[in-house]
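The primary structure of each chain is shown beneath.
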Amino acid sequence: MSDRVTMPALGESVTEGTVTRWLKNVGDTVAVDEPLLEVSTDKVDTEIPSPIAGTLQEILVEEDETVPVGADLAVIGDGDAPASSDSGSDSSSDDSQEAEPQAEADEMKDEAAESAPQASESSNSSNDSAAEVSGGEKVTMPALGESVTEGTITRWLKSEGDDVAVDEPLLEVSTDKVDTEVPSPVAGKLTKILVAEDETVPVGADLAVIGGSAGSSSSDDSAEAEKAQKNQDEVDSKKQDEAVEAAESKNETPAPVKDDEAAEKEAPKAESSASEAPKDEAPKAGAGSDKQQETSTKVDNSGTYVTPLVRKIAAENNIDLSTITGTGVGGRIRKQDVLDAAKKAQEPKQEAAPAASAAAPAASSTPAASTTTPQPSAEAQAKRGTTEKMSRLRKVIAQRMVESLAVSAQLTAVVEVDLTKVASIRARNKESFKSREGVNLSYLPFITTAVVEALKAFPQVNSSVDGDNIVYHNAEHIGIAVDTPRGLLVPVIKDAGDLSIAGIAKKIADLAARTRDNKVTPDELGGGTFTISNIGSNGSLIDTPIINQPQVAILGTGAMVKRPVVVTDEFGNDSIAIRQMMNLVLTYDHRVVDGADAGRFLSAIKARLEEGAFEV
């Protein structure tokens, strides 16, 4: 009796999948729910478990082939796999090969230190059985937001066998909205890591096991095999060192040293392999060094774990983390520790400044250096001429922006707004506002208030597209674009239409600060109905922002500049005056919003801001 394994439905809108790797070969025995193959779709990479127990008799779809949902992938049945057209001797040879690993595993208990190849094969066999862990607490992918369905493991902060405390950071997870650390729910030993780095798994998937023990009796064999392999590696390393020393004394290239058993069997080939082996060994050694170097970046020289934010601040200020004594729990280096070290490093420079200024008159005849030339940071200089992999956040931003341009008909309208009255209100109230509310009074709360009022009058701008339907929202959830070191993020002010200018100002300050510190929650990064992007913060006068789908519009606020403009008084007399001017740029989706509607929407905002009737 046999059963067919089919491509499962991996999501509501997923219609096909690609077989990336088979985890079992024809003839292998599989258990129920044991991973059988890996499948990749446009949304998720996952493992497909076996629906039944039996023998993998036939693979119907090869690796890298794409098939629709429901297509047959393999055949699992009772008994051995169908024999090939070869003679019976081939079959008996296969049987002997299947029995050989078990025999080697048994011999390993007595001969582990004699044969490295046998130790390796036995170790592999033991590791397969040790993959099942009995007892312990499973760590699962947490729900990192209302609309977040999956996450990618970017880095494990602990290795198998490490002890972890409750709430101690265990791994780093990245989603399409936020990067965060996942703490350990319990204290104990990290017994098993179930998901490797750079793998994407759905919310609720098992990530690791803390506590418990290996559920197979072959775990003892695995430990002995690993110990034997380690002993053999030490012997090989010692022999290799002796060979290198001998070769250096003769000014010759050292020949690779093999284990005793292999050397006896391959003695006739020693001369030819001696010249080939160093070429093979060099890349392996290099790879090991690279891996060790990559691992070392997770901790400082003292072995203390350092968060990504702390590492970034240290790099920006050229601070060596090994010179800092952490004040956190267990000697952990905190952000404030690095900032204090950076402040101390600046003190000698500040003391040297008066001496430099005193010497300046003597050098007055020398042409002064430009003070406007941008000075590249150490990080910028290090990137010149290099190639780096996109971060997950950068890939998500790129994907979303390209998709937005592909699915919507976007065009842009611009109006010029006189913010002189708003600037006057702000100048009169900014000191008292800060002392009363605890945040600075910028121009953005005034603009946001005017936008919210206009959205209530023009519901088509505060809508979204859902297939062939237009959804008109019953509240104004305003996204505020925030520039962070990791990339552009858009936290959302929920129910902005119910807030005053003071309430909006405090919301903007809070969300922006927590977004830059990577403390914003995923729910605060979603659910927006309209977005405002302060393109003027970098001096830009006009930009064409891209709509944040599924919204239908986004407003860009240019830099405010003083310009002479024609002003008409209440009697119709024209005069030229210096005014505070700003460009408001609206990108809108022509599928929903017509040009006339966009113009009326911008004109309403312009009139509200130029009126200047705001209470702060």
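Predicted model only: the values in this text are computed from it and were never measured.

Lay out the pairing of strand 6 (residues 54-59) with the relevant residues and their values.
With five of its six residues buried, strand 6 lies for the most part within the structure. Here strand 3 (residues 29-30) pairs with strand 6 via two bridges, running antiparallel. Looking at strand 6, one finds that T29 is bridged to T55. Here strand 6 pairs with strand 8 (residues 72-77) via four bridges, running antiparallel. Opposite L56, over in strand 8, you have I76 as the bridge partner.

Describe unusual backbone geometry, naming the residues involved and giving the relevant values.
In this structure, P550 follows Q549 across a cis peptide bond, with omega equal to 5°. Turning to its location among the elements, P550 is positioned in the loop between strand 26 (530-533) and strand 27 (553-557). Unusually for a residue other than glycine, D167 sits at a positive phi of about 70°. Here D167 lies in the loop between strand 12 (163-164) and strand 13 (169-174). The residue N518 is not glycine, and still its phi comes out positive at about 60°. Looking at the element boundaries, N518 is found in the loop between helix 12 (501-516) and strand 26.

Any chance you could break down helix 13 (residues 595-611) for me, citing the residues and the numbers?
Given a rise of 1.5 Å per residue, 17 residues ought to cover 24 Å, and the 24 Å separating the end C-alpha atoms of helix 13 matches this to within 8%. Within the sequence span of helix 13, burial applies to D597, A598, F601, L602, I605, R608 and L609. Axial view of helix 13: buried residues confined to an arc of 130°, hence all on one face. The secondary structure elements touched by the buried residues of helix 13 are strand 19 (410-418), helix 10 (420-437), helix 11 (444-457), strand 26, strand 27 and strand 29 (574-589). One or two steps after helix 13, the chain reaches G612, where phi turns positive at roughly 75°.

Can you explain the pattern of salt bridges? Please cite residues and give values.
Should the charged atoms of two oppositely charged side chains come close, the side chains can pair. Tallying each qualifying case throughout the model produces 18 salt bridges. Residue E416 is joined to R563 by a salt bridge in which the shortest nitrogen-to-oxygen separation is 1.9 Å. Residue E416 is found in strand 19, and its partner R563 is found in strand 28 (residues 561-568); the two are separated by 147 residues along the sequence. As a salt-bridge pair, R591 and D589 come within 2.7 Å of each other at their nearest N and O atoms. Given the relative accessible area of 42%, R591 is considered partly exposed. One salt-bridge network, in which partners are shared between bridges, spans R436, E437 and K506.

What counts, and where the lines are drawn
Residue positions are given per chain, counted from 1 along the sequence in the order it is written. Predicted model: local features are reported for residues with pLDDT of at least 70 only, side-chain atom pairs are reported and counted for 80 or more only, and whole-chain, interface and lining totals are derived from all residues. Heavy atoms throughout the structure, all of them, feed into the side-chain values; hydrogens and water do not. To sort residues, take the accessible area from a 1.4 Å probe on protein chains only and compare it with the maximum for the residue type: under 20% means buried, over 50% means exposed, and anything in between is partly exposed. Think of it this way: any DSSP run of H or I at least four residues long counts as a helix, any run of E at least two long counts as a strand, and we number them from the N terminus. Should DSSP find at least two bridges between two strands, the strands are taken to pair. Take the residue count of a helix, subtract one, and multiply by 1.5 Å to get its expected span. What the arc measures is the spread of directions leading from the helix axis to the C-beta atoms. By the convention used here, residues are in contact when the closest approach between their heavy atoms is within 4.5 Å. What makes a salt bridge here is a side-chain nitrogen of Lys or Arg within 4 Å of a carboxyl oxygen of Asp or Glu, nothing more.

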